[in-house]
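One-letter residues, chain by chain:
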Amino acid sequence: MKHAFRLFALLAGLALAGQASAQCYADYKAKQDNPLRLQYGIIELPQSACASVQAARDYAKPVISRSGWTLLQIESIFEPSEFQRRSANAGAIHLRQ
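Residues numbered from 1 in each chain as written. Predicted model: local features only at pLDDT ≥ 70, side-chain atom pairs only at ≥ 80, totals over all residues. Heavy atoms only, no water.

**Side note on the nonpolar core**
- In terms of nonpolar packing, the biggest core is built from 15 residues, with Y28, I43, L45, A60, I64, L71 and I74 touching the most fellow members.
- Among the elements of the structure, β1 (23-32), β2 (37-46), α2 (53-65) and β3 (70-78) are those that each provide at least two residues to this core.
- What L45 contacts, discounting residues up to four positions off in sequence, is Q23, C24, Y25, A26, C50, A56 and Y59. (Core = buried A, V, L, I, M, F, W, Y, C linked by side-chain atoms within 4.5 Å. Buried < 20%, exposed > 50% of the residue type's maximum accessible area, 1.4 Å probe, protein only. Helix = DSSP H or I, 4+ residues; strand = E, 2+ residues; numbered from the N terminus. Contact = heavy atoms within 4.5 Å.)

Structure below.
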């Protein structure tokens with residue numbers, strides 16, 4: 001019985017971990033001042049921030065600001081299958097996590 005419970009707990013943990021790793025991406029525009037610099041980039045979002053542009057913005061703003069950039073807007077939210085195509089346009093800073 002103890003072995004069956006441990007096996008069940010392990011399987012349940014793996015199932016939840018799989019759900020937690022589900023993600024999406026957002027492309028964004030950001031700026032720096034003095035001198036003015038603009039940036040297009042992609043940020044990896046946790047599943048909790050994939051539901052709306054506002055949720056993505058709330059998540060991305062502090063992440064992007066840690067590098068000295070000000071988030072201007074979230075362009076769109078997209079699935080991992082779109083990442084390769086869009087990252088070609090993002091330049092050197094193509095992914096923030």
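**Topic: the pattern of salt bridges**
- With the rule as written, the count across this model stands at five salt bridges.
- Ionic pairing is found between E75 and K29, a salt bridge with its closest N-O pair at 3.8 Å. One end of the pair, E75, is in strand β3; the other, K29, is in strand β1, with 46 residues separating them in the sequence.
- By relative accessible area, which is 32% here, E75 ends up partly exposed.
- Since its relative accessible area comes to 38%, K29 is described here as partly exposed.
- Each of the salt bridges in this network shares a partner with another, and the network as a whole consists of D27, E82, R85 and R86. (Salt bridge = Lys/Arg side-chain N within 4 Å of Asp/Glu carboxyl O.)

**Description of the confidence of the model for the protein**
- The predicted model of the protein has a mean per-residue pLDDT of 78, with 68% of residues at 70 or higher.
- Note on residues 1-20: pLDDT under 50 across the span, and zero contacts to partners over four residues away in sequence or across chains. (pLDDT = per-residue confidence, 0-100.)

**Considering the state of the cysteines**
- This structure, assessed with the given rule, holds one disulfide.
- Linked covalently through their sulfurs, C24 and C50 form a disulfide whose S-S length is 2.0 Å. An S-S torsion of about -110 degrees defines the bridge between C24 and C50 as left-handed. One end of the pair, C24, is in strand β1; the other, C50, is in the loop between β2 and α2, and 26 residues separate them in sequence. Neither C24 nor C50 differs from the other in exposure class; each is buried. (Disulfide = S-S within 2.5 Å.)

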